[in-house]
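A structural walkthrough
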Amino acid sequence: MFTLLVRLPDETVEVTAIARDDAGGLVATSTTRVSGAELAETIRIGEATATRWVWDDTAKWYPRLLEQGLRVERCVDLRLCHAILRLSAATRGTPIHGATRGPWDVPQGAIVDSTALFVVEPESLPDPLAEFLAQRSAIEASPGRAGLELLTAAESTGALIAVEMRRRGIPWSADRHDALLADRLGPRPAPGERPQLLQEALTEVRLALDAPDLNPDSPAELVRALRAAGLQVTSTRQWELSRLEHPAIEPLLRYKKMQRLLVANGWAWLDAWVVGGRFRPEYVPAGAATGRWGTSGGGALQLPRAVRGAVVADPGWTLVVADASQLEPRILTALAHDEAMARAGDGDLYEGIVASGAVATRAEAKVAMLGAMYGATQGDGGRLLPRLARAFPRAIALVEEAARVGEQGGVVSTFLGRSSPPPGSMVDELPPENGRAQADSGMRAWGRFTRNFVVQGTAAEWALCWLGILRRELGRRFGTGADDPHLVFFLHDEVVIHAPVESAEAVAALVEEAAAEAGRLLFGRAPVRFPVTVAVVTTYADAK
DNA sequence: CACTGATGCGCG
DNA sequence: AAAGCGCGCATCAGTG
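Residues numbered from 1 in each chain as written. Chains lettered and ligands numbered in written order. Predicted model: local features only at pLDDT ≥ 70, side-chain atom pairs only at ≥ 80, totals over all residues. Heavy atoms only, no water.

Observations concerning the protein's contact with DNA strand C
Note the following rule: When we say a residue is near a molecule or strand, we mean one of its heavy atoms is within 4 Å of it. Under this definition, polar contacts are N or O atom pairs within 3.5 Å; protein pairs additionally need one hydrogen-donor-capable and one acceptor-capable atom, and for neighbouring residues in sequence, both atoms have to be side-chain atoms. Under the DSSP-based scheme used, a helix requires at least four consecutive residues in state H or I and a strand at least two consecutive residues in state E, with every element numbered from the N terminus.
Neighbouring DNA strand C are 27 residues, the closest being Ser218, Arg237, Gly297, Thr377 and Phe449. For DNA strand C, the fraction of protein-proximal atoms (within 4 Å) that sit in sugar or phosphate groups is 72%. Contacts to DNA strand C include Gln302, whose side-chain N or O atom sits 2.7 Å from a base nitrogen. Arg448 places a polar side-chain atom, nitrogen or oxygen, 2.7 Å from a phosphate oxygen of DNA strand C. Taken together, the elements giving at least two residues each to the surface near DNA strand C come down to helix 10 (249-265), strand 10 (294-296), helix 15 (362-374) and helix 18 (436-478).

Some points on the pairing of strand 4 (residues 52-55)
Regular strands place their side chains on alternate faces of the sheet. Put simply, the rule is: Buried means the residue's accessible area, taken with a 1.4 Å probe over protein chains only, is under 20% of the maximum for its type, while exposed means over 50%, and partly exposed covers the values in between. Only strands that DSSP links by at least two bridges are regarded as paired with each other. Convention used here: a crossover is right-handed provided that the path from the first strand, over the helix, to the second strand proceeds clockwise when the strands point away from the viewer.
Residues Arg52 and Val54 point to one face of strand 4 and Trp53 and Trp55 to the other, with burial holding for every one of them. Sheet topology places strand 4 next to strand 5 (residues 75-77); three bridges connect them, and they run parallel. Within the sheet, the bridge partner assigned to Trp53 lies in strand 5 and is Cys75. In this fold, the crossover linking strand 4 to strand 5 by way of helix 2 (residues 58-67) has right-handed handedness.

Topic: the domain arrangement of chain A
As a reminder, the rule being used: Boundaries between domains were set according to an automatic or database domain assignment.
Domain annotation of chain A identifies domain 1 (2-168), domain 2 (174-270), domain 3 (279-326 + 461-542) and domain 4 (327-457). Taking the mean C-alpha position of each, domain 2 and domain 4 sit 37 Å from one another.

A word on the protein's contact with DNA strand B
Rules: By the convention adopted, Pro, Cys, Tyr, Trp, Phe, Met, Ile, Leu, Val and Ala count as nonpolar, Lys, Arg, Asp and Glu as charged, and the other residues, Gly among them, as polar.
Taken together, 19 residues are adjacent to DNA strand B, and Lys257, Arg292, Gln302, Arg308 and Asp493 come closest. A share of 76% of the atoms of DNA strand B within 4 Å of the protein falls on sugar and phosphate groups. Measuring from a base oxygen of DNA strand B, one finds a side-chain N or O atom of Arg260 at 3.2 Å. The contact in question runs from a phosphate oxygen of DNA strand B to an N or O atom on the backbone of Arg305, over 3.2 Å. Ranked by residue count, the leading element in the surface near DNA strand B is helix 10, at three residues. When its residues are assigned to classes, the surface near DNA strand B shows four nonpolar, six polar and nine charged.

A short note on helix 19 (residues 504-523)
For clarity, the threshold we go by: A helix is expected to span 1.5 Å for every residue after the first. We call two residues contacting when some pair of their heavy atoms lies within 4.5 Å.
Look at helix 19: 29 Å from first C-alpha to last across 20 residues, which is about the 28 Å you get at 1.5 Å a residue. Those residues of helix 19 that fall on the buried side of the exposure criterion are Ala504, Val507, Ala508, Leu510, Val511, Ala514, Ala515, Ala518, Gly519, Leu522 and Phe523. Looking at the packing, one finds that the buried side of helix 19 touches helix 5 (145-168), strand 11 (317-324), helix 12 (327-336), helix 18, strand 13 (494-500) and strand 14 (532-537). Positive backbone phi, approximately 60 degrees, marks Gly524, located one or two places after helix 19.

Concerning the packing of aromatic side chains
Note the cut-off: Centres within 6.5 Å are what make two rings of Phe, Tyr or Trp a pair, Trp counting through its six-membered ring; a difference in plane orientation under 30 degrees is then read as stacked, over 60 as edge-to-face, and the rest as tilted. When the NZ atom of lysine or the CZ atom of arginine is within 6 Å of a ring's centre and also within 35 degrees of its normal, the charge is said to sit over that ring.
Enumeration according to the criterion identifies 15 aromatic pairs in this entry. Measuring from centroid to centroid gives 6.3 Å for Trp55 and Tyr62, while their planes differ by 35 degrees, and the two rings are tilted. Residue classification places Tyr62 among the buried positions, given a relative accessible area of 0%. When the centroid spacing of 5.8 Å and the interplanar angle of 70 degrees are considered together, the rings of Phe449 and Phe453 count as edge-to-face. Of this pair, Phe449 and Phe453 both sit in helix 18, four residues apart, roughly one helical turn. Taken together, the ring pairs in this structure connect Phe415, Trp462, Trp466, Phe523 and Phe530 into an aromatic cluster. It is Arg7 that lies over the ring of Trp61; its NZ or CZ is 4.3 Å from the centre.

Here's what the structure looks like:
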């Protein structure tokens, strides 16, 4: 059932079969040692018998296997599962719960050992067999066992998908990208030169501010120039500038838009990140504390709409682009068993909220809902919250309670059992407060984090299940070869599948079925729908 | 010169 | 100068 793989310092791999003994406990039954070359055969045999591979870190193992054409169906990513189980409230009382940070608490792909700061050999993390057995004990003893079984399995499958997607890459047309840039910025300039349209906008700004040498990319200098022109600004942010009346403002905002595109996704980006017609970001499963994925390299989490026209299917292929509609409020509905909100979500959720009489317009419904999940206290979100609470008391009570727990220093958990980190443990937290007011503000901020954690984190679990089901079914129905439809992009509540044209309709149907199945997998027969918007397109820009 | 934090803005 | 969550990245400005 389980086979543990451990890479030794000499590059050989220790293969340990793990099975249940008569008492139902897990024990290592046999250990062999294979060379790198022999490993391929081990994997092939194991795949034929539905083995779940156990290894320290998918990001370290799986790229090399894929390189050899070895796709793996199931695994246990000990590093990712360790992070879940160490913090989970559902493992309280087990040795892994609350363990001090150790060698397993490292970033994806990290290479460490206990004796040195830097180690070159891709050695496995220390004592993976003990770690695995400790994890299994913690899961099997947990009152939240079912949730943790699903969560750790989905997390591990996600790690496989992350590596597979990077290997396939997002189909990216450098020619289209170049044309898009030329259209918006002017033709590609010589190195060190500004593109023509930026230069023109900048000239207008300098003229209007009477600042011929202005460096528009220096916020400090720009603020000085704007103030010298009589404008009361404290920053150079868009939203602050856009409310000013001055001839410099329009060209300045135009400049900033273009500069942003140039700097973030201009020709330099294209040269650096698109190779052989593919963009290959590195995905970082659970890069966020909520379980959402992060990415690294190329800013894949923030692909601007302006360049999505460069994502183009290969000839004879198509892109199936799908996103889960209003995922987070629907997740909240299921978490809170809010039947009124479930009824509102029968069709478009925000229209349903309007129909309930809680608010007047769809826009109000949206901002009120987001405000409730983020903890808005002011503005339209804060103002509309009481009306939402009257119409949907259960849903609002759930997020209010999550906020209260956080403000009091407590821990909240997602539906499947991922728990929020204890306050004070996150690196990026607010600086140590000195005054009472600052301390209170810090606790309120933490309350907003825990408030959102339960919703965002459970949405991430739903998405992970959706993704896992999609992968499994794509494999079953179409195969896993180079010419078969495959996932190429995933972003929180959205997926892109690159598919041969003839399979597009079947893939699109599958995406919807998988969403419904993910809902059932998490929430059983709860009356909450998880509709997806699916588009079959040639370019990503044409989706929604 | 290399590093760090702040700024600003793109995405869900 | 955001209000209201979660990210990544480029650039500037200040420091060692």
